[in-house]
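So you can see what is in the structure, the chains are spelled out below.
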Amino acid sequence: MIALIAQRIAQAIVVLFVVSVLAFLLSTQIGDPVASILGLQATPEDRLELRAALGLDDPWPTRYLEFVTNVLRGELGVSYITQRPVSELIVERLPATFELAGVALLFSLGVGLPIGIYAAINRGRWSADAILSLSVIGVSVPTFVIAILLIFLFSVTLGWLPSFGRGQVVQVGWWTTGLLTPSGLKALIMPAAALAVSQVALVARLVRAEMIEVLRADYIRFARARGLKPRVIHLSLALRNTLIPVITVSGIQLGFLFAFAVVAEAVFQWPGIGLLFLQALGSTDVPIISAILLLTAAFFVAINTIVDLLYAVVDPRLRAGGLNGRPAGA
Amino acid sequence: MLKHTLMGAAAALALTAGMAGAENLRFAGATPALTMDPHATNDFTTTAIFRQVYDSLIGLSLDMELTPALATEWDYIGDNTWRFTIREGVQFHDGSALTAEDVAFSIMRQKDSRFYRSLFGGIQEARVVDATTVDVVSAGPDPILPRKMSRMFILSQAWAEANDVVDIPDLGAEGAEAHSIRNAMGTGPMRLLSHDPSVETRFEAFADYWDEMPGNVTTATYLNIGSGPTRVAALLSGEVDMVVDLPLQDIGRVEAAPGYTIAEAPQMLWMQLEMDGTRDQALETFDRAGNPLAENPFRDTRVRQAIAHTVDANLIADRVMRGKARVVGSASIPGFGGYQEDLDQRWETDLDRARELLAEAGYPDGFVTTMNCPLERYINTDDICRAVASMLARVGIDVRVNGMVWPEFARMLVNGPDSSFHLIGMGPDSRDTQDSFTGYVMTRNPDANEGFFNWALFSKPEIDELTRTLTVTFDEDEREGLYRDLLGRAREQVNAVYLHQPMIVWGMRGGVNAPIRSDATVTLQNVVVE
Amino acid sequence: MSDPSDTRPRLRDSDLLRAFMDSTQAMVAFLVLTLLIIAVLLAPFIALTNPYDLATLDLLNSRIPPVWIDGGEWPYLLGTDSQGADMISLILYGMRTSLMVGVLAVMLSVTIGTILGLISGYFGGWAGTIIMRAADVQFTFPAIILALLIGGLAKGVLTPTAQAQFAIPMVVLALGISHWPHFARLVRGAVLVERNKDYVAAARLAGRGPFTIMRRHLLPNVVNPIAVLATLDIAFAVMGEATLSFLGFGLPPTEPSLGTLIRSGYNYLFSGEWWLVIFPALALMVLVVAVNLFGDWLRDALNPQLR
C-alpha cells in the first residue's frame, strides 16, 4: 500500500516536471510580447530595452530555472498587460470558476443520476429509449450554442436572468462568493446550466450503462431469486456499486468542466480563470499563460492521483499494482 | 488590504447612494481599461476612462475644439517655447491645491513615457516660471503643441512621491503592484473609487471640481463586456444604462426598443488601405501562375490609382457599416487642423478605368496578393476586408484576406513592417493634418522622427520637403497653402486608398442623456440621468 | 478455414447487418449522414455562391433574410450573409470543411494511438512505459486546452501567411494530438489481454514476426472498439473545431467551417438577423447528432455483452 502511494506520488512529480517544461517552452513560443505591450509607438531602442528588462534574451535553461524557483516561491510573475501580479489575478478569479464548475457538477449529477437510473431500470420502455436519444442530443450541442440560446430566451426575451457577470459577490476571507446574494445566485444559473447540459447527458448515459452491467451480475440475480423487492435491489445493491465508477468519473468530469468553463466564461463574461486564459492567449500575456497551464496541470495531476489512490483503497485487486479493474463483488 | 477597504467602501457607497436617491450610471464597453496610470498607456479606451479622473492641461469641448482647462492661456514666446498660464483654485481629489510644480512634474513624467514618445518626445524642459506659469521648451519649433497638450494629463506630484510612483511603473517588475495602477490622484470631475481592470471601474463625483458639472451623475461604474451580443443584451435587459460600443447590427433593435436612444459622432480616425511604396519586390504577391512578381506592383502609381477606382467606399459605408460611416476623400477629416473641405473628394468608382490602368502598368490579367486585416480593434474590419477583396476580384486582383488579432498585427508592423498590403485605422494623436503627414506620409526615418507610422512605406521626396516646411511655418495663411498642396499631392499619388470615417455609436436607455464626443469619451460630468 | 481466435463480426453473417436493419435509430442516422455527405460532395455543383471565389459575391445581396420572411428573395432560400454569400452554399462548404477536419483529426488520432498502443502493449519495456507516461501527461490536460495551446503556438511560430495557408492542417493537428491517448490506451489494453493467449504464443513459436502477429491477430481484435471510439470521436472533433473556431483559435473566417460561421453569425443573433447563426448551428447539431446516434448504435451492436 505504501509502495503504491509512493509510486503514484513519484509519477505525479515526473508528470508535473514534464508539464512544467512543456508549459514553459510553449509559452515562450507564443508571439512577441514586446510589440503587444508597447504598441505601435515603440522605437527600436525601447523594444531592446524592454526585452532586456523582461529577460527575454537570456538562455532558456536560465529562464526556466528562474521560472520554476519563482513558481515554488508563489511568485508567478506580473501580467504584461495589466501589470498586476499573476498570483493575485488567479486568486481573484479562481472562486468564480470553482463556483461555476461546482454548481454545474451538482446540476449534472442531480439531473443525470435520476435519469440514468430510470433509464436503466426501465430499459426497453419507450420512455427510457427516448431519454437515451435525447441525451445524445444533449451531448451533441456545443456548450457555446446552448449558452447563446439560454441568453436569448431567459435574458433578452424573458428578462428573468442576467446575461453577464457574477452579480453581487460577498468577500469571505480571500474567497469571493456569489452564493450568498440573490443576484449572485441568479447569475450562476445560466452559465452552470449551459455547462451542465452536456454533462447531464454523459452522466445519465454512464449511470445507465453501469447500472445495466451491474443489474446483470450474478449477485443481483441471486438477490432476486431470494425474493428481495426490486426497489431494494435497485437502490441499495445495484446503485452502490454503480456509484463508485460514477463518482470517480465525476471527479474527472469536474476537471473537464473547468475546461469547458472556458467557453461558458467567454460567452457570459464570467470573470474566472477560463476567461483570463483566453484573454491572455489573445494578447500574448506570457506570464498568465504559463501560470495557468502549470496550475491546470497540477490540479489535474492531483485529481488523477487521488482518484487512482481511491480506486486502490476500494479495490483490493489493485493494491498489488495491477491493471485498473472494476469492483464486482457485493 | 487597500483593495478590501475600497471594495467595502464601494459597497457601502453603493448602498448609501441607493438610499439617498443619488444618480448612478452604469455604462459598458467592449475593451477593459487597463490601468489608471495616465502615463503608462495610450490605449484608446483606457484613456477615455481615466479622463474622468485626470484632467488634461488643455481641454476639449464636445466639438473637439481646444478649450482652457488646467491651463487658461497659452502663447508661443519664441525660442521653441510655449508659455502656459495655470488656472488658480484647482483642487486635487484629496483637497490639495494644484500648483505649477505639479504641472511641470507631470509634463516631464509623461514625456518620458514610452507611449508618448511621438507626441511629447520633443519636449526638453518644463520650467516653473512662477506660481501660475509654466514654460515648455521643445527641441524644435512646435506649432501644434497646444493641440497635443489635450493629451497631457496632470497628476499630483506629492501623491506620486508619497506612493513611490514618481517613475512610470516598470513592466515586468517583481514585487508589489505599483500604486498608480489602481489608484488615482487627479483633478478631474470624478474621483476613482475602485478599479478592477477586467471587471469594472467605479467613480464618484468630485464636489470641488473647478469647472461646472451640468450633469447629475453622482456615482458611475464602467463595465467591460467583451462580447457584442452580451453587451446589447445587458443594455436591453436594464443591467446597464448605457453601452459605448454598440455593434452596428444592433442599432435598429435598440432604437426600436421603447425609450431607448442612440447617439452617434464621427470617430477621429479613418480606415484606409495601405500599399507597399518602397520594396523592389512586394511581399506575398504573385502572378496568376503562382510565380512571385519580379516587380512590386504597388509602387506603380497607376496600380494604386486602379485600386482606388475599384474599391467602392460608398457601398462599403452603406452595406458593411450600415450607413454609420462618412466616406473620406483626402488624408484628413473634419475637425482636424488643416482640413480642406473642397479637397475631400474621393476617387470615382470606375472599374473600366481601373482595368485600363492595370493594363497600362503591365498587369492586364491582374495579380494575386495577400491583404493583412486587423480584427477587433476597429469596427467591422472583417467584413470591410472581405468586401474589398470581392471588389478587387472583379478587376483581376485576387486578394487573400489574412485576418489577425491586434497584437499580431501590431507585431507584424512594428517588427518590419512586414506587410505590403493592409487595412488600418489612421488617426494622428494630435488631430492635426500636419501630423498625418509627419507621422504617416513622410518617408520612413524613425531616427529623425519622420514617417514613424508610415507602415505603407510610401515615399515621395517632394511631399517630404513640403512637410518639413510645414513643421516650421507659423503663419496661418502660409500653412493653409501648404496643407492644400500636400493634401492634393497625396491624393493624386494615392498615398493610401482612403475608405471611411466610422461613427461611434452609443446606446442608452430612456432617461439617460449623455452627450457624445468624437474621442469616444463619456464626459460623466455632462451626463444627465433621470 | 475460420480462425477460432478471430472474433470479428462478419457482415456476411449478417448479425451486424440484421441489427442494423432492426434499429430505426441506426438507419435514420445513417441515412441522414449519407444525404449530408452527398450534398457536401456536390457542393461545387449545386451551390449558388462559392465563398472561395470572391467574384461570385455581391455586397448588394448582403443580409437578405430567408425566403419565407418579408424581404426574402428567391433563390436565396435561407438568406444571405453580410458579404452576399448564400446561406445554403455557406453551410454546404462549411460542413465540408468541418467534416474534413473532423475525419482527418480522428484518422490522425487513430493512427498515432494505434501504433503507440501496439508498441506499448506488445513490446512493453521502457518504450512502452514512456508511451504510457506520455499518455498520462497528456491526460492531465483537457483536450480543449491542449488544442487551444497548439493553436496559439501555431500563431506564434508561423508567419501570418503561413498561418492562413496551414490553418486547416493546424486545427487537424491540434485536435488529432489531443485525442491519441484514448486510442493508445484502448489498443494497449486489448493487446495486453490478447498477447498472453495461446494462439499468440503459438504464432510466435511458429516464427511469425511481431509485426505480422500485430497485423494478423491483434489488430483485428481491436478493430471493433476502435471503430466505435473513432465514430464517436468524429463527433467530438467536429464540435472541437466549432469550439476552437468560435473562440478564435481555429479556422479564420476566410476558411468557412460550421464553427467560423457560428462565430461570425453570433454577433447578429440579437439584431434580428438570426439566420446567420441559427442555420449553421442547426446544421452542426444535425451532423453531430447523426454521427453520435450511429456511433452509439455501433457500440451497442458490436458489444456482445450488451445484446
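Residues numbered from 1 in each chain as written. Chains lettered and ligands numbered in written order. Predicted model: local features only at pLDDT ≥ 70, side-chain atom pairs only at ≥ 80, totals over all residues.

Colleague: Explain the overall build of chain C here, please?
Modeller: The helix and strand tally for chain C stands at 12 helices and zero strands. Moving toward the C terminus, one meets the helices and strands of chain C in the order α-α-α-α-α-α-α-α-α-α-α-α. Projected onto its principal axes, the C-alpha positions of chain C cover 75 × 50 × 30 Å. Classification of the 307 residues of chain C by burial places 52% in the buried group. (Helix = DSSP H or I, 4+ residues; strand = E, 2+ residues; numbered from the N terminus. Buried ≥ 20, exposed ≤ 12 C-beta atoms within 10 Å, placed from the backbone.)

Colleague: Explain the overall build of chain A here, please?
Modeller: Within chain A one finds 12 helices and two strands. Reading the secondary structure of chain A in the N-to-C direction produces α-α-α-α-α-α-α-β-β-α-α-α-α-α. Split into buried and exposed, the 330 residues of chain A put 45% on the buried side. The contacts of chain A with a sequence gap of at least 6 include a subset with a gap of at least 24, amounting to 70%. (Contact = placed C-beta atoms within 7 Å.)

Colleague: Any chance you could explain the interface of chain B and chain C here in plain terms?
Modeller: One frequently used descriptor of interface size is the decrease in accessible area upon assembly of the parts. Tallying the contact residues gives 29 residues for chain B and 22 residues for chain C. Mapped by element, the contributors of at least two residues to the side of chain B that touches chain C are helix 7 (228-236), helix 8 (251-256), helix 10 (313-320), strand 16 (367-374), helix 12 (381-393), strand 17 (397-404) and helix 13 (406-414) of chain B. Looking at side-chain class alone, the side of chain B that touches chain C contains 11 nonpolar, eight polar and 10 charged residues. (Nonpolar A, V, L, I, M, F, W, Y, C, P; charged D, E, K, R; others polar.)

Colleague: In this structure, what is going on with the sheet that holds strand 7 (residues 133-138) of chain B? I would like to understand it.
Modeller: Through backbone hydrogen bonds, the strands of a sheet pair up, either in parallel or in antiparallel fashion. Residue and element names in this part refer to chain B. Spatial strand order, 4-5-7-6: four strands in an open sheet with antiparallel pairing. What marks the edges here is a single partner per strand, and that holds for strand 4 (71-76) and strand 6 (123-130). Neighbouring strand axes in the sheet, compared pairwise and without regard to direction, differ in orientation by 20 degrees on average. In terms of strand pairing, strand 5 (residues 81-86) meets strand 7 through five bridges, oriented antiparallel. Note on strand 7: the bridge partner recorded for Trp-82 is Val-136. Here helix 3 (residues 100-111) sits on the sheet and contacts strand 5, strand 6 and strand 7; the angle it forms with strand 6, its principal contact strand, is near 175 degrees. (Pairing = 2+ DSSP bridges. Axes fitted to C-alpha atoms, helices over the stretch in contact; angles between N-to-C directions.)

Colleague: Explain the confidence of the model for chain A to me, please; I cannot follow it from the model alone.
Modeller: Should the pLDDT be low somewhere, the predicted coordinates at that spot are not to be read in detail. Residue and element names in this part refer to chain A. Summing up the model confidence of chain A, the mean pLDDT is 75 and the portion of residues at 70 or higher is 79%. Within chain A, helix 5 (residues 86-121) carries the highest mean pLDDT (86), whereas helix 2 (residues 33-38) carries the lowest (61). Predicted confidence is poor over residues 318-330, with pLDDT under 50, and the contacts of this stretch with residues over four places away or in other chains come to 20 contacts. (pLDDT = per-residue confidence, 0-100.)

Colleague: Where do I start with the packing of helix 10 (residues 210-247) of chain C against helix 11 (residues 258-266) of chain C in this structure?
Modeller: The angle between the axes and the distance between the axes are what describe a pair of packed helices. Residues and elements named next belong to chain C. Put simply, helix 10 and helix 11 touch, their axes get as near as 7 Å, and they point 40 degrees apart. Handedness of the helix 10/helix 11 crossing: right-handed. Here Glu-241, Ala-242, Thr-243, Leu-244, Ser-245 and Phe-246 of helix 10 come into contact with helix 11, specifically with Leu-258, Gly-259, Thr-260, Ile-262 and Arg-263. Grouping the constituent residues of the contact of helix 10 with helix 11 by class yields five nonpolar, four polar and two charged. (Left-handed = near helix turned anticlockwise from the far one by under 90°.)

Colleague: Would you mind going over the environment of Ala-514 of chain B with me for this structure?
Modeller: Residue and element names in this part refer to chain B. With respect to the helices, strands and loops of the structure, Ala-514 is situated in the loop between strand 21 (512-513) and strand 22 (528-529). Ala-514 sits in the buried class, given 23 other C-beta atoms within 10 Å. Here the alpha-carbon distance between Ala-514 and Arg-191, two residues 323 residues apart in the chain, equals 19 Å. Among all residues touching Ala-514, those that are not within four sequence positions of it are Met-242, Ala-263, Trp-506, Met-508, Val-522 and Val-527.

Colleague: Any chance you could explain the pairing of strand 10 (residues 217-224) of chain B here in plain terms?
Modeller: Side chains on a regular strand alternate between the two faces of the sheet. Residue and element names in this part refer to chain B. Of all eight residues in strand 10, eight are buried; the element is thus mostly enclosed. Summarising the sheet, strand 1 (residues 23-29) and strand 10 pair through seven bridges and their orientation is parallel. Looking at the pairing, Leu-25 lines up with Ala-220 of strand 10. Relative to strand 10, strand 9 (residues 200-205) runs antiparallel, the two being bridged by five bridges. When the bridges of strand 10 are listed, Glu-204 appears paired with Thr-219.

Colleague: Quick question: what am I supposed to make of the nonpolar core here?
Modeller: If you look at the biggest cluster of nonpolar residues, it comprises 328 residues, and the most contacted ones within it are Leu-100 and Ala-264 of chain A. Those residues in contact with Ala-264 of chain A, other than ones at most four positions away along the chain, are Leu-100, Thr-143, Ala-147, Pro-191, Ala-194, Leu-195 and Trp-270 of chain A. (Core = buried A, V, L, I, M, F, W, Y, C linked by C-beta atoms within 7 Å.)

Colleague: What is the right way to look at helix 3 of chain B in this model?
Modeller: Each turn of an α-helix holds 3.6 residues, which means side chains three or four residues apart point in the same direction. Residue and element names in this part refer to chain B. Between its terminal C-alpha atoms helix 3 stretches 17 Å, which fits the 16 Å expected from 12 residues at 1.5 Å a residue. In terms of burial, helix 3 is a largely internal element, nine of the 12 residues being buried. Asp-102, Val-103, Ala-104, Phe-105, Ser-106, Ile-107, Arg-109, Gln-110 and Lys-111 are the residues of helix 3 that are buried. (Expected span 1.5 Å × (residues − 1).)

Colleague: Which parts of the structure should I look at to understand the packing of helix 4 (residues 87-123) of chain C against helix 11 of chain C?
Modeller: Residues and elements named next belong to chain C. Between helix 4 and helix 11, the shortest axis-to-axis distance is 7 Å and the interhelical angle comes to 130 degrees. Accordingly, the angle class assigned to the pair helix 4 and helix 11 is oblique. Contact residues: Leu-90, Gly-94, Met-95 and Ser-98 in helix 4; Leu-258, Gly-259 and Leu-261 in helix 11. Here the residues of the contact of helix 4 with helix 11 sort into four nonpolar, three polar and no charged. (Parallel < 35°, antiparallel > 145°, perpendicular 65-115°, else oblique.)

Colleague: I keep staring at the pairing of strand 16 of chain B and nothing clicks. Help me out?
Modeller: Residue and element names in this part refer to chain B. The element strand 16 is extensively covered by neighbouring structure, given that six of its eight residues are classed as buried. Bridge count for strand 14 (residues 285-286) against strand 16 is two bridges, and the pairing is antiparallel. Looking at strand 16, one finds that Thr-285 is bridged to Thr-369. Here strand 16 pairs with strand 17 via eight bridges, running parallel. If you follow Asn-372 over to strand 17, its bridge partner there is Asn-402. In terms of handedness, the path from strand 16 via helix 12 over to strand 17 forms a crossover that is right-handed. (Right-handed = clockwise from strand over helix to strand, strands pointing away.)

Colleague: For this particular structure, what's the right way to read the environment of Asp-342 of chain B?
Modeller: Residues and elements named next belong to chain B. Tracing the sequence through the fold places Asp-342 in the loop between strand 15 (325-327) and helix 11 (351-361). A count of 7 C-beta atoms within 10 Å places Asp-342 in the exposed class. C-alpha separation for the pair Asp-342 and Thr-433, spaced 91 residues apart in sequence, amounts to 15 Å.

Colleague: Is there a simple way to think about the environment of Val-71 of chain A in this case?
Modeller: All names here are of chain A. Counting through the fold element by element, Val-71 comes out in helix 4 (residues 60-73). On the neighbour-count criterion, Val-71 (20 C-beta atoms within 10 Å) is buried. The spacing of Val-71 and Val-141 is 70 residues in sequence and 38 Å in space, taken between C-alpha atoms. Not counting residues up to four positions away in its chain, the partners in contact with Val-71 are Leu-76 and Leu-294.

Colleague: I keep staring at the confidence of the model for chain C and nothing clicks. Help me out?
Modeller: All names here are of chain C. This prediction gives chain C a mean pLDDT of 81; 91% of its residues lie at or above 70. Least confident of the elements in chain C is helix 7 (residues 160-165), whose mean pLDDT is 68; most confident is helix 4, at 91. Predicted confidence is poor over residues 9-13, with pLDDT under 50, and the contacts of this stretch with residues over four places away or in other chains come to five contacts. Both confidence scores are given for the complex: pTM 0.77, ipTM 0.72.

Colleague: Sorry if this is basic, but what is going on with unusual backbone geometry here?
Modeller: A negative phi angle is the norm for most residues apart from glycine, just as the trans form is the norm for most peptide bonds. The peptide bond linking Trp-74 of chain C to Pro-75 of chain C adopts the cis configuration, its omega dihedral lying at 5 degrees. Considering the arrangement of structural elements, one finds Pro-75 of chain C in the loop between helix 3 (43-46) and helix 4. Although it is not a glycine, Asn-80 of chain B sits at a positive phi angle of roughly 60 degrees. Relative to the helices and strands, Asn-80 of chain B resides in the loop between strand 4 and strand 5. Of note in this structure, Arg-63 of chain C is not a glycine but carries a positive phi near 55 degrees. Note that Arg-63 of chain C resides in the loop between helix 3 and helix 4. Judged by the 21 C-beta atoms lying within 10 Å of it, Arg-63 of chain C falls in the buried class.

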